[in-house]
Amino acid sequence: MRLLSLLLLAALPPVAAIAAPIPVRVAVVVTFDVNDKQTGTHGEFSAWESREKWTRSVTVPGVDHPVLIGPDGVIGVVQGTTSRASIQLTLLILSGQFDFSHTYWLINGIAGADPAVASIGSAAWAHYVVDADVAYELDARDGNAAWPYDIFPIGSQAPNTTPTPEGWEPSQMAYALNRHLVDWAFELTKRSPIPDTAAMQAYRARYVGFPNALRPPFVLTGETFGCNRYWHGPRLTKWAEDWTKLWTHGDGTFAMSDMEDQGIAAALTRLGAMGKVDFQRVLFLRTASNYCTPPPGGNIGDSLFHGFAGYNSSLESAYSVGSAVVHEIAQHWDKYADATPGS
């Protein structure tokens, strides 16, 4: 009987060894990838993919774009657009193919800048990720004419008022990042060169009365404001400014509008509570391809659809500023593996 069992076991095909999870030092996460050779249009991933030594790719079930891997422990991830794409990031982390226990995260993408705070091409390190999705909203034709806008928190009865929780809304509307890490990243990159062009100069010159919008591109700190609706205009910019102040208790300043960061922050927070990632090692860097409101006297439709004078500069800014932090951490892993910069 024992001989028969041994013969049967010998006839079975060999069991493939389970690969150990790949340790990751830094994960660079962008939202979209475009490489149109006819028009010369590139996306957020192009600069990273063409300049980093990401020579290996891994397919992860549920993730649309292959994950690219470099020899220095850095990976490149395209997670998709809008907050729903954070599902792909969650699937990546839960796949078991990577070890993210000590990973630093750079969430890196373009955005619309508040002209009161930044200029096109500028790069903003966020201290907070603000969720702009959960709210009451009325059609402006039905709202109170005295209100500055018709969006207000669940549990409140007017815009820009502190809500009384009703029990079903999300418990968190602003995600505070590791301030020491953010400030360290800012200090490291605050003098990073950012491309400027004659077209950018001409476009930003229209923002008379907005000193920061008139400046050449620069590195700053300011909050990232995530909303699944692609909003635009002066009233909604005022809403974003007030909403950011409200949910950060006056500590944050709205700088960059986007459609993904609120979902990413929510996912990474939950995964952090599960011990899958370290949320204290997460950075959000947004760079301005456009302004989130037209210049004084400008046409809102023209600004919304054709106001992307800073697009190419914002792609370069995202890489030049972001890569300085990525390279510093990856190349000095003995220094940062166990001790977070700035701590």
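Residues numbered from 1 in each chain as written. Predicted model: local features only at pLDDT ≥ 70, side-chain atom pairs only at ≥ 80, totals over all residues. Heavy atoms only, no water.

### So, the overall build of the protein
For the record, the criterion: Helix numbers and strand numbers start at the N terminus; a helix is a DSSP run of H or I with at least 4 residues, a strand a run of E with at least 2. Only C-alpha atoms enter the radius of gyration, while the globule expectation follows 2.2 Å times N to the 0.38, with N the number of residues. Here the term buried applies to any residue with accessible area under 20% of the maximum for its type, exposed to any over 50%, and partly exposed to those in between, with areas from a 1.4 Å probe on protein chains only. The criterion used for residue contact is that any of the two residues' heavy atoms lie within 4.5 Å. Exposure was quantified through the Shrake-Rupley algorithm and a 1.4 Å probe, taking into account, for residues, occlusion by the shown protein chains and nothing else. When charges are counted, Lys and Arg contribute as positive and Asp and Glu as negative, whereas His and the chain ends are disregarded. Charge placement uses NZ in Lys and CZ in Arg. For Asp and Glu, CG and CD serve respectively.
What the protein contains, in helices and strands, is eleven helices and 18 strands. Relative to its length of 343 residues, the protein is compact, with a C-alpha radius of gyration of 22 Å against a globular reference of 20 Å. Looking at the 343 residues of the protein, the share that counts as buried comes to 52%. In the protein, 76% of the contacts between residues at least 6 apart in sequence involve partners at least 24 apart. Surface summary for the protein: the accessible area is close to 16,200 Å², and the carbon and sulfur share equals 56%. In the protein, which carries 23 positive and 33 negative side-chain charges, the distance between the mean positions of the two groups comes to 5 Å.

### Quick word on the environment of W184
Its location among the elements puts W184 in helix α4 (residues 179–189). The exposure class assigned to W184 is buried, which follows from its relative accessible area of 19%. Distance in space between the C-alpha atoms of W184 and V325 is 9.2 Å, their sequence separation being 141 residues. Contacts of W184, omitting those with residues within four sequence positions, involve V325, E328, I329, Y336, P341 and G342.

### Details of the nonpolar core
Counted only if it meets this: For our purposes a nonpolar core is just a set of buried Ala, Val, Leu, Ile, Met, Phe, Trp, Tyr and Cys residues, chained together by side-chain atoms within 4.5 Å.
By size, the foremost hydrophobic cluster in this structure holds 62 residues, and its most contacted members are F98, W105 and W125. Looking at this core, the element that brings in the most residues is helix α10 (residues 311–331), giving six residues. Residue contacts for F98: discarding those within four places in its chain leaves P21, I22, V24, V58, V60, V67, I69, I75 and L92.

### Quick word on the pattern of salt bridges
Put simply, the rule is: One side-chain nitrogen of Lys or Arg within 4 Å of one carboxyl oxygen of Asp or Glu is enough to make a salt bridge.
Counting across every chain of the model gives eleven salt bridges. Between D196 and R204 there is a salt bridge whose closest N-O contact spans 2.7 Å. Each of D258, E260, D261 and R286 takes part in a single network of salt bridges with overlapping partners.

### Focus: the packing of helix α3 (residues 86–94) against helix α8 (residues 261–273)
This is how the line gets drawn: Lines fitted to the C-alpha atoms define the axes, with helices restricted to the stretch that makes contact. Angles between their N-to-C directions range from 0 to 180 degrees. Just so you know how the angles are binned, under 35 degrees is roughly parallel, over 145 roughly antiparallel, 65 to 115 roughly perpendicular, and the rest oblique. Note on convention: the crossing is left-handed when the near helix lies turned anticlockwise from the far helix by less than a right angle, right-handed when the turn is clockwise. Under the grouping applied here, Gly and all other residues not named as nonpolar or charged are polar, the nonpolar ones being Ala, Val, Leu, Ile, Met, Phe, Trp, Tyr, Cys and Pro and the charged ones Asp, Glu, Lys and Arg.
Running from amino to carboxyl end, α3 crosses α8 at an angle of 25°, the nearest separation of the two axes being 9 Å. As far as their axial angle goes, α8 and α3 are roughly parallel. Crossing geometry of α3 relative to α8 is assigned as right-handed. Residues S86, L89, T90, I93 and L94 of α3 touch α8, and the partners they reach there are G263, I264, A267, L268 and L271. For the contact of α3 with α8, a count of residues per class yields seven nonpolar, three polar and no charged.

### Digging into α10
For clarity, the cut-off: To estimate how far a helix should extend, the number of its residues minus one is multiplied by 1.5 Å.
Look at α10: 30 Å from first C-alpha to last across 21 residues, which is about the 30 Å you get at 1.5 Å a residue. For α10, the buried fraction is high: 15 of the 21 residues fall into the buried class.

### Focus on the packing of aromatic side chains
Each aromatic ring pair is summarised here by two numbers: the centre-to-centre distance and the angle between the ring planes. Worth spelling out the cut-off: Within 6.5 Å between ring centres, the rings of Phe, Tyr and Trp (the latter by its six-membered ring) count as paired, and their orientation is classed by plane angle as stacked under 30 degrees, edge-to-face over 60, tilted in between.
Under the criterion given, the structure shown has 20 aromatic pairs. Taken together, a centroid distance of 5.3 Å and an interplanar angle of 65° make the contact between W147 and F152 edge-to-face. Relative accessible area serves as the criterion here: at 19%, W147 is assigned to the buried category. Here F152 falls in the buried class, since its relative accessible area comes to 7%. Considering the side-chain rings of Y203 and Y207, the 6.0 Å spacing of their centres and the 55° angle between planes classify their relative orientation as tilted. We classify Y207 as buried; its relative accessible area is 0%. Linked through ring pairs, F225, W231, W239, W243, W247 and F254 together constitute an aromatic cluster.

### Side note on empty space enclosed by the protein
This is how the line gets drawn: Put simply, the grid is 1 Å and covers the protein atoms alone, a cavity is a trapped set of points that fit a 1.4 Å probe, a pocket is an open set with protein on both sides within 12 Å along at least five of seven lines, and lining residues have an atom within 4 Å of a point. Grid points are joined across faces, edges and corners, and a volume is the space filled by probe spheres set on the points.
One pass over the structure, following the stated rule, counts one cavity of 30 Å³ or more. The volume enclosed by the largest cavity comes to roughly 30 Å³. Lining of the largest cavity is provided by Y149, I151, F152, P153, N160, W239, D242, W243 and L246. Considering every element that reaches the lining of the largest cavity, the biggest residue donor is helix α7 (residues 234–247), with four residues. Looking at the lining of the largest cavity residue by residue, the class counts come to seven nonpolar, one polar and one charged.

### Digging into the confidence of the model for the protein
Definition in use: Scored between 0 and 100, pLDDT is the confidence that the predictor attaches to each residue.
Averaged over all residues, the pLDDT of the protein equals 92, while 93% of them reach at least 70. Contacts from residues 3–9, a stretch scored under 50 in pLDDT, to residues over four places away or in other chains number zero contacts.

### Considerations on the packing of α4 against α10
Between α4 and α10, the shortest axis-to-axis distance is 9 Å and the interhelical angle comes to 110°. When the interaxial angle is binned, α4 and α10 end up roughly perpendicular. Handedness of the crossing formed by α4 with α10: right-handed. Mapping the contact onto sequence places W184, A185, L188 and T189 in α4 and V321, A324, V325, E328 and I329 in α10. In the contact of α4 with α10, the residues fall into seven nonpolar, one polar and one charged.

### A short note on the pairing of strand β7 (residues 74–78)
The condition is simple: The criterion for strand pairing is that DSSP finds at least two bridges linking the strands in question.
Within β7, five of the five residues are buried, leaving the element largely enclosed by the surrounding structure. The alternating pattern of β7 places V74, G76 and V78 on one face and I75 and V77 on the opposite face, and all of these are buried. Alignment of strand β2 (residues 26–30) against β7, held across five bridges, turns out to be parallel. Residue pairing for β7: A27 is matched across the bridge by I75.

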